[in-house]
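Structure at a glance
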2 protein chains.
Amino acid sequence: MNTLTVDLGERSYPIHIGRGLLRQPELVRPHVHGTQVMIVTNTTVAPLYLDACRALFDGFEVADVVLPDGEQYKNLDTLKLIYDALMERRFDRRCTLVALGGGVIGDITGFAAASYQRGVNFIQVPTTLLAQVDSSVGGKTGVNHPLGKNMIGAFHQPQAVIIDTDTLDTLEDRQLSAGLAEVIKYGLIRDAEFFEYLEERLPDLLARDKGQLAYAIERSCWNKAEVVAADEREAGQRALLNLGHTFGHAIEAGMGYGNWLHGEAIAAGMMQAGYMSHLMGDLSEADLQRMKAAFETARLPVYPPAEMTPERFMELMAGDKKVQAGRIRLVLLKAIGQAYVSGDYPAELLQRTLTEWRAA
Amino acid sequence: MNTLTVDLGERSYPIHIGRGLLRQPELVRPHVHGTQVMIVTNTTVAPLYLDACRALFDGFEVADVVLPDGEQYKNLDTLKLIYDALMERRFDRRCTLVALGGGVIGDITGFAAASYQRGVNFIQVPTTLLAQVDSSVGGKTGVNHPLGKNMIGAFHQPQAVIIDTDTLDTLEDRQLSAGLAEVIKYGLIRDAEFFEYLEERLPDLLARDKGQLAYAIERSCWNKAEVVAADEREAGQRALLNLGHTFGHAIEAGMGYGNWLHGEAIAAGMMQAGYMSHLMGDLSEADLQRMKAAFETARLPVYPPAEMTPERFMELMAGDKKVQAGRIRLVLLKAIGQAYVSGDYPAELLQRTLTEWRAA
């Protein structure tokens, strides 16, 4: 097992990464302060890991709530099911929530923890690659609004993140690929050496090589933890983590939540950002092709869906959280490993990107 | 105009108190950081003050959302109307929300501000006495759950509180009395001298003497600001502000939100806490009668409704936020002006209070 720390002063917390951690109660028990534990999971994960997760908290008052699975359920109505379960069991403000599942479960459980009785503790137990390398770390929580992703939420850090890499054994291939999109992202925005590693090792990761997966998860979490520690509330560099996300969120919303996985949408979105960076005269043609090859190797889409016209993109992107005073702020690349945020780019290059970067 | 400050380091903010402040744009404009302002109000307040409030923000992009009036609408469904309005207008994360109304509007708008795009600015413009002396100050925001009051929310401080005492001209008598319950509370928990002032001046306050009202509001806000500055997140003394609230919240929920006003419910609740304090051997019979006389002068109920049996109280109080490990923590009085929190009292004294302190 390896342990990283997200360094946020008195709100610092550990990320434990390793095999068989769902059988190690000593990792989670120090993070439960009261007597009541509510495990939040979904219909896909519950049959696989709920019993093991419950056993971690033997001796506490443990309850669970099993939500429907999918991005289309990451909304206020589903959030209400968690509040109902907590209220019906009379859970008090010293209770602990446990998010057992992927990114949707982590985000919605985190927001329930941020807002139940004005804030209770929670522990992240991510079971998808995407949640393990990205969404379980950093305290961004929330739900979607029909008109935009993650529009309702809070910054609320967990007490601990427990990444049992054995849970990836049951992950379907499409979800594994989706997780790799966020892994590749770290290479693109700030870790060129990691990108080179991935160019070589993506086939091993797809083949679920345990050692390589553990390394890729750890290096991703290390990148994430460093960015979050420097800029918890996204006043500056944390925004770089959103490479491809403004385009990607538009795809997710435009196609209907749950149809394109988040990782799939941001893969196409990162390619759009890459193409625009190339049009800006920054990213070389060769590096654009390296990006494309990496996503293709990871079995991810590199073009947006045909249904997403430039007009539809503009309509949906105008509601993004990164819009300031009417300008859509985008994360762009100077080169592989060097990202920056800008609202100050020629508008026609964004138009050209939306028009030109499409499947033949 | 008088100005108090809630001293919370970089989150400090002013409380401006005076007549005609709804005609003074210079008070609010420094607190708007972006270009977009969303005024949240209700169907009662909108015809009276929405135009004046909009005029304060002349030159900004101003929108409004008018909610139904009443505690029964302080819920997730109404909150959603605010999110919808913000999303439809494409308000960005630099927008400012303005809460124009009573405690319900302030709490729900504050929570919308805490959670929209993970947190935006807001300004409190309270128009009821209760909101002016209590709920607009201190950053407690939230909505009710069908099984308990204020169970979903956040700590989120406003940028400023603007108390235009002229708005009390249009307040109905019942609401004025309800506000006095919170005013009297400050005397009871920590300001015996203020309680003595109130024993003499409550008739003037009921007669809407502007000078006395301004004084009572200012002294209440001073008490509140001092407590909040010392204990923003209710780790200790802030809990004293809940005198009568555990009983009172049970009354509000038990009678159906909106039937007993919050101030009415906590007046009866404070008397129950007083009676129990008397049974504990602390509060003298004479002081209990002084409390009763003050609430009666303020035209507030001093007994819980007949429908609220001891069994019903216990059932509803068990879900209170102040419950810890199954013990109902109560705010009790050593004397007028001296409150304390305890979960360690003889259970039979709580039972006797629920059984004995009732209308003949």
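Keep in mind that what you see is a predicted model, and the values were worked out from it rather than measured.

**As for the overall build of chain A**
A tally of helices and strands in chain A yields 13 helices and 13 strands. Projected onto its principal axes, the C-alpha positions of chain A cover 60 × 40 × 35 Å. Here chain A holds 360 residues, and 55% of them are scored as buried. In chain A, the proportion of contacts linking residues at least 24 apart, taken out of those at least 6 apart, comes to 75%.

**Thoughts on the relation of the copies chain B and chain A**
Between chain B and chain A, which share one sequence, the superposing operator has a rotation angle of 180° and an axial displacement of 0.0 Å; the RMSD is 0.0 Å. One copy is carried onto the other by what is essentially a two-fold rotation axis. Minimal C-alpha separation from the rotation axis in chain B is found for Leu 76 of chain B, amounting to 4.1 Å. Interface overlap between copies is the fraction of interface residues in one copy that are interface residues in the other; for chain B against chain A it reaches 100%, indicating a shared surface.

**Focus on the nonpolar core**
Counting residues in hydrophobic clusters, the biggest one holds 231 residues, and the most contacted among them are Val 40 and Val 98 of chain A together with Val 40 and Val 98 of chain B. It is helix α10 (residues 262-279) of chain B that contributes the most residues to this core, ten residues altogether. Excluding anything up to four places from it in sequence, Val 98 of chain A contacts Val 37, Met 38, Ile 39, Val 40, Cys 53, Phe 122, Ile 123 and Val 125 of chain A.

**Observations regarding the pairing of strand β12 (residues 330-335) of chain B**
Residue and element names in this part refer to chain B. Inspection of the sheet shows β12 paired to strand β13 (residues 338-342) by five bridges, in the antiparallel sense. Residue pairing in the sheet places Leu 332 in a bridge with Tyr 340 of β13. A loop of two residues connects β12 with β13, the two strands running antiparallel in sequence, and Gly 337 in this loop sits at a positive phi of about 95°.

**Some thoughts on the domain arrangement of chain A**
All names here are of chain A. Looking at chain A, the domain boundaries give domain 1 (2-170) and domain 2 (173-356). Each partner contributes residues to the interface: domain 1 has 29 residues there, and domain 2 has 32 residues. Going through the elements one at a time, β1 (2-6), β2 (13-18), α5 (129-135) and β8 (148-155) are the ones with two or more residues in the side of domain 1 that touches domain 2. If you tally residues by element for the side of domain 1 that touches domain 2, the top one is α5, at five residues. Taken together, the residues that form the side of domain 1 that touches domain 2 break down as 14 nonpolar, eleven polar and four charged.

**Things to note about the interface of chain B and chain A**
Of the residues lining the interface, 30 residues belong to chain B; the matching set on chain A comes to 30 residues. For the side of chain B that touches chain A, the secondary structure elements donating two or more residues are α3 (76-88), α4 (103-115), β7 (140-145), β8 (148-155) and β10 (323-324) of chain B. A class-by-class count of the residues in the side of chain B that touches chain A yields 13 nonpolar, ten polar and seven charged.

**Description of the environment of Thr 35 of chain B**
One can find Thr 35 of chain B in the loop between α1 (25-28) and β3 (36-42). Overall, the presence of 17 C-beta atoms within 10 Å leaves Thr 35 of chain B in the partly exposed class.

**What about the sheet that holds strand β5 (residues 96-101) of chain B?**
All names here are of chain B. Strand order in the open sheet formed by seven strands is β1-β2-β9-β6-β5-β3-β4, and the pairing between neighbours is mixed. The sheet is open, and its two borders are formed by β1 (2-6) and β4 (61-67), each paired with just one other strand. The average undirected angle you get between the axes of adjacent strands in this sheet is 20°. One ladder, built from two bridges, connects strand β6 (residues 121-126) with strand β9 (residues 160-164); its direction is parallel. Within the sheet, the bridge partner assigned to Gln 124 lies in β9 and is Val 161. Most of the contacts of helix α2 (residues 46-56) go to β3, to which it runs at about 165°, and overall it touches β3, β4, β5 and β6. Against the sheet, helix α8 (residues 210-230) touches β1, β2 (13-18) and β9, its axis set at about 15° to β1.

**Side note on the sheet that holds strand β3 (residues 36-42) of chain A**
Residue and element names in this part refer to chain A. Strand order in the open sheet made by the seven strands is β1-β2-β9-β6-β5-β3-β4, with mixed pairing throughout. Two strands bound the open sheet, and with one partner strand each, they are β1 and β4 (61-67). Averaged over all pairs of adjacent strands, the angle between their axes in this sheet comes to 20°, without regard to strand direction. Relative to strand β9 (residues 160-164), β2 runs parallel, the two sharing four bridges. Of the residues in β9, the one forming a bridge with Gly 18 is Asp 164.

**A few points about the pairing of β4 of chain B**
Residues and elements named next belong to chain B. Inspection of the sheet shows β3 paired to β4 by seven bridges, in the parallel sense. Across the sheet, the residue bridging to Val 37 is Val 62, located in β4. A crossover links β3 with its parallel partner β4, the connecting element being α2, and its sense is right-handed.

**Remarks on helix α13 (residues 347-356) of chain A**
Residues and elements named next belong to chain A. Taken as a whole, α13 has its buried residues at Leu 350, Thr 353 and Leu 354. For α13, the angular spread of buried residues about the axis comes to 95°, placing them on one side. Residues of α13 that are exposed and angled more than 90 degrees away from the buried face: Glu 348, Thr 355 and Glu 356. Residues of α13 that are buried in the fold lie against α10 (262-279) and α12 (310-317).

**Some points on the environment of Ile 162 of chain B**
Within the fold, Ile 162 of chain B resides in strand β9. Ile 162 of chain B sits in the buried class, given 27 other C-beta atoms within 10 Å.

**Description of helix α9 (residues 245-255) of chain A**
Residues and elements named next belong to chain A. With respect to burial, α9 is a largely interior element, ten of its eleven residues being buried. Of all the residues in α9, the buried ones are His 245, Thr 246, Phe 247, Gly 248, His 249, Ala 250, Ile 251, Glu 252, Ala 253 and Gly 254. Where α9 is buried, its residues meet β8, α10, α12, β11 (327-328) and β12 (330-335). Positive backbone phi, approximately 90°, marks Gly 256, located one or two places after α9.

Conventions we followed
- Residues numbered from 1 in each chain as written.
- Chains lettered and ligands numbered in written order.
- Predicted model: local features only at pLDDT ≥ 70, side-chain atom pairs only at ≥ 80, totals over all residues.
- Helix = DSSP H or I, 4+ residues; strand = E, 2+ residues; numbered from the N terminus.
- Buried ≥ 20, exposed ≤ 12 C-beta atoms within 10 Å, placed from the backbone.
- Contact = placed C-beta atoms within 7 Å.
- Least-squares fit on C-alpha atoms with pLDDT ≥ 70 in both.
- Core = buried A, V, L, I, M, F, W, Y, C linked by C-beta atoms within 7 Å.
- Pairing = 2+ DSSP bridges.
- Domains from an automatic or database assignment.
- Nonpolar A, V, L, I, M, F, W, Y, C, P; charged D, E, K, R; others polar.
- Axes fitted to C-alpha atoms, helices over the stretch in contact; angles between N-to-C directions.
- Right-handed = clockwise from strand over helix to strand, strands pointing away.
- Arc of directions from axis to C-beta.

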